[in-house]
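Coordinate inspection notes
The lines below spell out each chain.
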Amino acid sequence: MKPKRFLSIPIFSVFLLLGFVYYVTVFVFIEDWVGLQTSPGFLNALIFTLLAFLSLFSFFLCVSSDPGRVPPSYVPDVEVGNVADQGTKRNMVHNQGVVTNVVSPSLPGLIIAVFVEGDHHCLWMNNCVGYWNYKAFVMLVFYATIGSIHSTVILVTCTLQKDWDFSGMAPVKIFYFTFGAMMVALSLTLGTLLGWHIYLLTHNMTTIEYYEGIRAAWLAKKSGQSYHHPFNIGVYKNITLILGPSMLKWLCPSSVGHLKDGISFPVSRDSL
């Protein structure tokens, strides 16, 4: 773990936003809606607290976990003989992460670290998303999306049952509208991001591989051939490669015991 990763303005902003949304949702809207002492209020507060905790825990793992690096001793295997009959190609690394310590041609002396199955660099995490923290990232987006939608539903319900006839309600109305607009925007943004990564997850590809695949498909079509993503081995198998073989542990962001060296991946027979 690298504590210095947490010392950044974007990460502080995430903590501040999470704390603000949690406080307003629980101690303002739920309290104003049914009260925290009632069964519905306590249940909603408990569910939202659980979602907030899981989001925070997943975020902590995303920031503190190393995304994974290609070992310095790594050398790609040469495909020989009947490798096409084996159903698996050794040392085929996602996102072409087959070398490490690459010298930048434009900036001499600058060393670029190549990550295993690199997806992207996230400003809000102050870290890259890669093989070792991708599950935590997906779980972060998943729990944050559900939590945002839950908060939005509570806000709407509270707004509909609130008596707005009293004078001097203008500041309250502005606060409700502003917070509601923020939560709707947050829910749509996170929901879109979640849908995108569910697509990537079920196709077993990274963000970079997706865009590389578009070009590969165009080149294949231009030459009269068809393109198939080599690492797409079926929806269920694709999911288990990231979330794990046990469905009971799919929603646990720290359950990554199934991850291997990140160097070898099974490939589809359609691409052999």
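Within each chain, residue numbers correspond to sequence positions counted from 1 in written order. Residues qualify for local features only when their pLDDT is at least 70, as the model is predicted, and side-chain atom pairs are given and counted only at 80 or more; totals for whole chains, interfaces and linings, by contrast, use all residues. Hydrogens and water are ignored here; the side-chain numbers use all heavy atoms of the structure.

Helix and strand content of the chain: 6 helices and 6 strands. Written out in order from the N terminus, the α and β elements of the chain read α-α-β-β-β-β-β-α-α-α-α-β. Here the term buried applies to any residue with accessible area under 20% of the maximum for its type, exposed to any over 50%, and partly exposed to those in between, with areas from a 1.4 Å probe on protein chains only. Looking at the 272 residues of the chain, the share that counts as buried comes to 42%. Roughly 15400 Å² of accessible area belongs to the chain as shown, and the carbon and sulfur atoms make up 69% of that amount. Strands are runs of DSSP state E lasting at least two residues, helices are runs of H or I lasting at least four, and both sets are numbered from the N terminus onward. Only the protein chains shown count as covering a residue, and every accessible area follows the Shrake-Rupley method with a 1.4 Å probe.

All right, on to the confidence of the model for the chain then. Looking at the chain as a whole, its pLDDT mean stands at 82, while 79% of the residues score no less than 70. Every residue is assigned a pLDDT by the predictor, reflecting its confidence on a scale from 0 to 100. Whether two residues are in contact is decided by their heavy atoms, any of which lying within 4.5 Å being enough. A low-confidence stretch, residues 79-93 (pLDDT under 50), is modelled with 36 contacts involving residues beyond four sequence positions or located in other chains. Low pLDDT, under 50, characterises residues 95-115; the predicted model gives this stretch 38 contacts beyond four residues in sequence or across chains.

Each Phe, Tyr or Trp ring, with Trp reduced to its six-membered ring, pairs with another whose centre is within 6.5 Å; inter-plane angles below 30 degrees give stacked pairs, above 60 give edge-to-face pairs, and intermediate values give tilted ones. Throughout the structure, instances matching the rule amount to 22 aromatic pairs. Ring geometry for Tyr22 against Phe48: centres 6.0 Å apart, planes inclined by 15°, an arrangement best described as stacked. Of the two residues, Tyr22 sits in helix α1 (residues 9-33) while Phe48 sits in helix α2 (residues 39-64), which places them 26 residues apart along the sequence. The class for Tyr22 is partly exposed, based on a relative accessible area of 25%. For Phe48, a relative accessible area of 5% gives the class buried. Three or more aromatic residues joined by ring pairs form one cluster here, namely Phe20, Phe29, Phe175, Tyr176 and Phe179.

Tracing the backbone through its elements, the reader meets Trp196 in helix α4 (residues 170-203). With relative accessibility at 24%, the residue Trp196 sits in the partly exposed group. In this structure, the C-alpha to C-alpha distance between Trp196 and Thr207, residues 11 residues apart in sequence, is 9.2 Å. For Trp196, the residues in contact, after removing those within four places along its chain, are Thr207 and Tyr210.

A word on a nonpolar patch on the surface. Two distance rules govern patches: like charges are joined within 9 Å, and nonpolar side chains (Val, Leu, Ile, Met, Phe, Trp, Tyr) within 5 Å, applied only to residues with over 30% relative accessible area and no salt bridge. Throughout this description, the term salt bridge denotes a Lys or Arg side-chain nitrogen within 4 Å of a carboxyl oxygen of Asp or Glu. Together, Leu17, Phe20 and Phe175 make up an exposed nonpolar region whose accessible area comes to about 240 Å². In this structure, Leu17 sits in helix α1.

Okay, the environment of Leu155 next. Examined against the element boundaries, Leu155 turns out to sit in helix α3 (residues 134-161). Residues Leu155 and Val24, 131 residues apart in the sequence, show an inter-C-alpha distance of 9.6 Å. Each residue touching Leu155, except ones within four places of it in the same chain, is listed here: Phe29, Tyr176, Phe179 and Gly180.

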